[in-house]
Amino acid sequence: MNLELSDEQRLLADTARAFVDRHADDADPWPAMRDTGWAGLLVPEEHGGSGAGMTEFVLVCEALGRGPVVSPLIPSVTAALALRWAGTPDLQDQWLPTLATGAFTGTVAVLEAGMRDEWSPAPMSGLGALTGTKVLVPWVPDVAVIVVVTSEGLRVVERSGAVRVHDHDPLCAEPHAALTFQQAPAERLGSTADSAVVLARVLDYNAVARLAYAIGAAERALELSVDHATNRHQFGRPIGTFQAVAHRCAEMRADVDACRYLAYRAAWALDHDADAAIAVTAAKSFANDAMRRVFLHAHQVHGAMGFATEHELHRYTRVAKSFELSLGGTTRHRDRLATEIGLGSRP
Amino acid sequence: MNLELSDEQRLLADTARAFVDRHADDADPWPAMRDTGWAGLLVPEEHGGSGAGMTEFVLVCEALGRGPVVSPLIPSVTAALALRWAGTPDLQDQWLPTLATGAFTGTVAVLEAGMRDEWSPAPMSGLGALTGTKVLVPWVPDVAVIVVVTSEGLRVVERSGAVRVHDHDPLCAEPHAALTFQQAPAERLGSTADSAVVLARVLDYNAVARLAYAIGAAERALELSVDHATNRHQFGRPIGTFQAVAHRCAEMRADVDACRYLAYRAAWALDHDADAAIAVTAAKSFANDAMRRVFLHAHQVHGAMGFATEHELHRYTRVAKSFELSLGGTTRHRDRLATEIGLGSRP
Amino acid sequence: MDFEFTEEEEAFRTELSDFLDAEVPDWWQGMFTEDERAMPFTRELCAKLADRGWLTMAWPPEHGGSGASVWKQAIVREEMWAREEPRGPQYMNLNYIGPLLMRFGTPEQHARFLPPMARGEVIWCQGFSEPDAGSDLASLITRAEDRGDHFIVNGQKIWTSYADSPADWCLLLVRSNPSAPKHRGISMLLLDMTTPGITVRPIDTMAGPHEFNEVFLDDVRVPRDCLLGGQDHGWDLVVAGLTFERTGIARYARAGRVIELLVDYANDAGLGDDPIVRDRLADLYTRYDAARLLNYRAISMQAKGEVPTVEASVARMHNTQLEQAVGHVGLEILGPTGQLRAGDEWAPLRGEIHRYWTRNIPSTLAGGSLEVQKNIVAQRGLGLPREP
Amino acid sequence: MDFEFTEEEEAFRTELSDFLDAEVPDWWQGMFTEDERAMPFTRELCAKLADRGWLTMAWPPEHGGSGASVWKQAIVREEMWAREEPRGPQYMNLNYIGPLLMRFGTPEQHARFLPPMARGEVIWCQGFSEPDAGSDLASLITRAEDRGDHFIVNGQKIWTSYADSPADWCLLLVRSNPSAPKHRGISMLLLDMTTPGITVRPIDTMAGPHEFNEVFLDDVRVPRDCLLGGQDHGWDLVVAGLTFERTGIARYARAGRVIELLVDYANDAGLGDDPIVRDRLADLYTRYDAARLLNYRAISMQAKGEVPTVEASVARMHNTQLEQAVGHVGLEILGPTGQLRAGDEWAPLRGEIHRYWTRNIPSTLAGGSLEVQKNIVAQRGLGLPREP
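Residues numbered from 1 in each chain as written. Chains lettered and ligands numbered in written order. Predicted model: local features only at pLDDT ≥ 70, side-chain atom pairs only at ≥ 80, totals over all residues. Heavy atoms only, no water.

The next thing to look at is the overall build of chain C. The number of helices and strands found in chain C is 11 helices and 8 strands. In terms of overall dimensions, chain C has C-alpha extents of about 70 × 50 × 45 Å along its principal axes. The buried share of chain C, taken over its 388 residues, is 63%. With the model as given, the accessible surface of chain C reaches about 14000 Å², and the carbon-plus-sulfur share is 49%. The average position of the 39 basic charges and that of the 58 acidic charges among the side chains of chain C differ by 5 Å. (Helix = DSSP H or I, 4+ residues; strand = E, 2+ residues; numbered from the N terminus. Buried < 20%, exposed > 50% of the residue type's maximum accessible area, 1.4 Å probe, protein only. Areas by Shrake-Rupley, 256 points an atom, 1.4 Å probe, with all protein chains shown as cover. Lys, Arg positive; Asp, Glu negative; His and termini not counted. Charge placed at Lys NZ, Arg CZ, Asp CG, Glu CD.)

Now for the pairing of strand β3 (residues 150-157) of chain D. Residues and elements named next belong to chain D. With 4 bridges joining them, strand β2 (residues 143-146) and β3 adopt antiparallel strand pairing. Across the sheet, D146 pairs through a bridge with F151, a residue of β3. Once β2 ends, the chain turns through 3 residues before running back antiparallel as β3, passing G148 with a positive phi of about 85 degrees. In terms of strand pairing, β3 meets strand β7 (residues 208-223) through 7 bridges, oriented antiparallel. Counterpart to G155 in the pairing with β7 is L217. (Pairing = 2+ DSSP bridges.)

Next up on the list: the domain arrangement of chain C. Residue and element names in this part refer to chain C. Domain annotation for chain C reports domain 1 (7-88), domain 2 (125-236) and domain 3 (250-381). Look at where the C-alpha atoms of domain 1 and domain 2 centre, and you get two points 28 Å apart. Across the domain 1 to domain 2 interface the summed buried area is about 670 Å²; carbon plus sulfur atoms make up 57%. Here domain 1 and domain 2 share 1 salt bridge between them. Here R43 and D168 are joined by a salt bridge, their closest N and O atoms 3.5 Å apart. At the junction of domain 1 with domain 2, the criterion picks out 0 residue pairs in polar contact (both at pLDDT 80 or more). (Domains from an automatic or database assignment. Buried area = accessible area lost by both parts, 1.4 Å probe. Salt bridge = Lys/Arg side-chain N within 4 Å of Asp/Glu carboxyl O. Polar contact = N/O pair within 3.5 Å; in protein donor to acceptor, adjacent residues only side chain to side chain.)

Here we come to the interface of chain A and chain D. At the junction of the two partners, chain A supplies 48 residues and chain D supplies 46 residues. Carbon and sulfur atoms make up 65% of the area that chain A and chain D hide from each other, which totals about 4500 Å². Linking chain A to chain D there are 7 salt bridges. The residue R297(D) makes a salt bridge to D257(A) at a minimum N-O spacing of 2.7 Å. One can count 18 residue pairs in polar contact (both at pLDDT 80 or more) joining chain A with chain D. Listing elements by their share of the side of chain A that touches chain D, those giving two or more residues are α6 (192-231), β9 (237-238), α7 (243-272), α8 (276-302) and α10 (330-340) of chain A. Ranked by the residues each element gives to the side of chain A that touches chain D, the list is headed by α7(A), at 16 residues. Residues that form the side of chain A that touches chain D fall into these classes: 23 nonpolar, 15 polar and 10 charged. (Contact = heavy atoms within 4.5 Å. Nonpolar A, V, L, I, M, F, W, Y, C, P; charged D, E, K, R; others polar.)

Time to look at empty space enclosed by the protein. All names here are of chain B. The full count for this structure, using the stated rule, is 10 cavities of 30 Å³ or more. Roughly 420 Å³ of internal volume is contained in the second largest cavity. Every residue lining the second largest cavity is counted, 31 residues in all, and those nearest its centre are P75, P138, H176, N206 and R210. Breaking the lining of the second largest cavity down by element, the ones donating at least two residues are α4 (73-86), β1 (106-109), β2 (130-138) and α6 (192-231). Ranked by the residues each element gives to the lining of the second largest cavity, the list is headed by α6, at 5 residues. Looking at side-chain class alone, the lining of the second largest cavity contains 22 nonpolar, 6 polar and 3 charged residues. (1 Å grid on protein atoms, 1.4 Å probe; cavity = no way out; pocket = protein on both sides within 12 Å on 5 of 7 lines; lining within 4 Å. Points joined across faces, edges and corners; volume = space filled by probe spheres on them.)

All names here are of chain A. Taken together, the 4 strands give an open sheet; going across it, the order is β1-β3-β4-β7, and neighbouring strands pair in mixed fashion. Sheet topology places β1 (106-109) and β7 (187-189) at the edges, where each strand pairs with a single neighbour. Strand-to-strand, the axes of this sheet are offset by a mean angle of 30 degrees, without reference to chain direction. With 6 bridges joining them, strand β3 (residues 145-150) and strand β4 (residues 153-158) adopt antiparallel strand pairing. Within β4, the residue paired with V147 across the bridge is V156. Helix α4 (residues 73-86) rests against β1, β3, β4 and β7 of the sheet, and its axis sits at about 80 degrees to β1. Across the sheet, helix α5 (residues 89-101) lies against β1, β3, β4 and β7, angled at about 65 degrees from β4, the strand it touches most. (Axes fitted to C-alpha atoms, helices over the stretch in contact; angles between N-to-C directions.)

Time to look at the environment of A68(C). Residue and element names in this part refer to chain C. By secondary structure assignment, the location of A68 is in the loop between α2 (38-51) and α3 (70-82). Taking the C-alpha atoms as reference points, A68 and G256, 188 residues apart in sequence, are found 24 Å from one another. If sequence neighbours within four positions are ignored, A68 has contacts with M57, A58 and Q73.

Below you can see the structure in the form of structure tokens.
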């Protein structure tokens, strides 16, 4: 047991922090991010990636959340994972090297109207060319490859005229779109049965990456809160000298720390195939609630200023809320966890 | 709409407070309580009671909870309600006048091992003489009449040798017992169908009375907390000057007030047959959670002293916890309330 | 005790509710949107309310009101707030700016300022907060120099809602005597917003544009006849204003309406039988119920002529935390598409829950933070000692 | 990062766990019961642990320990605490009274006091708190007058666990210099509890008898060779002791065990499919999981030779609130018979959940209240300014 980062991991985290300091305000940080090799962290070396682990990817995502740096990194890496685990050798050769360098980007289209969450069965038929609408797809206009969840398993679609894009104006800064497929040619990605396993794994990875990003945002919100509590004076003293304010900050620290180590453990479990389901689901369900508490506190400490969009706090609030509403609510994850800890009908 | 007590109600509450001041430490306050007429508050005048309403009874129970005064008042009045609503004229004549004066006491036996709560179906058969065990029956050794819930409806049993008593050592100061009936002769109390309606109503009245008693206990715990926060000095100042302490007291005030008006409204609704189900169930489910919060705060303000049995706080803590665990948990009541506010399957 | 409205009150509620259902358009989502129809609509509606005698219903007869009972006022507030306050900024005129003028104004001020309010023709804003005077309002530094027949005002106000609506007048708090103790050198001025030297800068918020403004005051001339109440005695007016304002907003009524929306949504989505959804919504309902009763407790005291200071703070603690809980739980029930806003065709309930969550992020801050309410309850309500 | 124990550590856990399963009797419910078998049992068990080298396993070799890794110490703590600490009071000897003696004691004190601890033969208690010195410990007034070769002690201690077990020795904090600033006039004495002038008065608690005591000290003579560390420098020892103690109790391990009991109970009662029960227990489990990881984070720092001050406070915030939540939710799941105590034939899980709830009422108070932990995190961890 050792919860300290290795020297390599610490270096990676520092590099990512430095990147964020330099590029957080870039209109498009993707060109700079391509040079970091992060898009290939989870791609095997034989396909041009670095074959690192989820722990490394989580450290990068956490740093990016501090910006927050808005980029197609998480969806693109998620698409690469699906291709890596379920793609034929040809498909892997076709996509993984370019996804690994970031020359192309990918995304995963899961949700449809009427689905309670990403874990619900998708109504869209995967028989033949695809027709129907996926909503809340993480999006950049030049995305090259879309992994689509259908009722018959995963499909790969190249961006083409058969996909109509409706840009959402969602909660957080990442662009999202509703994609309407009209007889879009699609290639099968694994068998139907394999697809279910791969999809579950892809969603777990995606959830942990999004969690790490939200943790970065929460950590930054805590820093902003501490700054504000230290510098803002009312009644002749810094407001951080009032216990009501100081204790809110302490509770934020306790919650963010818990989320962080739950996320690291989940990443480690995914890397080691060790009780990953319990680790991911515990992390996601704890963090859904913890993020609410953290941002209630952050706004309370900041006063009205935190609600004004000229202050940066709201950007982190949106990241956290978007995380909470994505990839399974607390209820869904707790139910899954209940089974993992042994609840069920007695035989 | 008017949430102020009437002059008569205020007088009754003051009388009850004065009683508590005089008799809280009596080994047996029942003899003194008999003279107050409270045992007859909910018994019609033609049976020797005063035919007052649940609101009045709630004011008395609230005051008693401040003691806490330990007496058979609530179970005995509850038994009288069952007899009043479901008893034959003969049964009413037999029991109500003596229950109204407090000359005899009664109780209601609901729970059996395996029942989740008082609202679950009782396994004990009501066909013929009664056999089986009821647990957690509010108890005084000289109780005269027991209303027993069976799978065929309510039954009345006179205390006799056919009832074996096992004294519990429960959470709160009120004596409770497990009663084992061995072919105990029992009289029918209403038809099976009527019984269900009467039982639901009896439980609602009982829940609101117990709630009022717990509110008195919570109010007293708040007073003790404020006293302690005012008089206890640490770091050269009263601990109540620390926001962490002061704000706990403020939250207790907010929760106790909410419980009180929910309870008054529930009592009023029972008196007026107006949406009583929604009012009782909202009060019970809110108060279950609120009592936890109030007593977490009370103990935190009191420090270690509040945990020592030589301090009086623990008596109120026990009253509140016992209330929470009785007459339906939060889950049960929220589920009932969900239906009342319109949740259900669409036709 | 009586937990029912009278038949007459219920009849009034029905009449008012029918009127509002007919008058308030589907697109109305309160004042803080991009929608340019909002301000004309709210003026128009207030004029109609004035015609029916419902605008200043609660004002005393000597100022043109009908002295309606506190319970009828409560009904008006509930029906308005449940519909996102279609009176727009004018609810402030009715609740406390008008009453402050009545109590502290001269007969000339009454004659000049009250009739336009009563006709629903005038928009007021409130210039209290400053960048360094939030919770600690009395430390404000916007300066008014006494020049005999007028004051010259310099300084800056912030979080001024409706200043860019545009507002016609501003209830302005200034420091008129910098050498007096901080609560004793404050005055209240009635500022014509068309006076030269005023710059209004909108502050956009998470809930959209137009919610707040900064107001810069640069050598602004305010005639002496626009001083309200005694010079240097403005703090008395602040305290009185808070008393008028305390139960002025029926926040719980909107929460109740949103809970209804969520019940309908859950049923339509086949979640009416889902035990967790049932549990969460029932929990919200009990909290709504508690908040409503505690508001009624405060109103009952007003009905007896008492001033519910602590009781209003208790009600407010419940109201504001309820609002935030409804937003959070509501979004949780909607799931991922809860992220989508009004206007997006996939946004459930037309983005209403998203908007409600967003709007209520600062509800435990505005109008006296949760911490301030707890201090009031602890110190004034429970008699705990103040911080040293 | 590595989130697994090594195979060797797991093997050790299994060996220890098997030993404890065999040795700890069914009736054992910790020290604070009426059961007279408790004290003899705990002494006997500690002697057996000493025989196996497991008692002072974590002590350095020069004092007879085997310098076990912090992770093996953690395993011992978890297995002990999951079983209600069958070492009884002696866990204090091992965790911090022994280490304090090692660091601040003279060679004579080492030779005299450490070996009986290592053999598991001696019970120590801790005399720190006083009626007016709780959170504000440094304001203690129990007086030790310097009489040359001895001190004369007068005063009163409170909340002294195990004093009536009876304890053999007491680690006593006294004011040795009343004219110095409050943190600079304190000394630590090693008090033989058989000295004349000591009166022990048990304080019963909600959890049962024997939990706490008052200790009255009336002209108690303490030889100078029982002064630990520098005279008037006792506060340094308090600070060092807190550091040793910080992660000394694996509270989360007991919570985890109780959650297992509740899972079994729910399955047996046919509630394993109940969505609300599943939701509540999964919530407890995530909180347990978070608490455990945050304890491991602090231990990882210790493994690197760092002192996890703030991190230990964060872990403690989670631990203690978890314990209270488990008690509350546990009783809620049991329902009405959850009110019944151990010994009552209708008490579910033999009254264990009732006992756990009761015992943990003060868990956010003992050993540094939740508020103190938050102050540490806010001030030392986040650098927020102190209260004026």
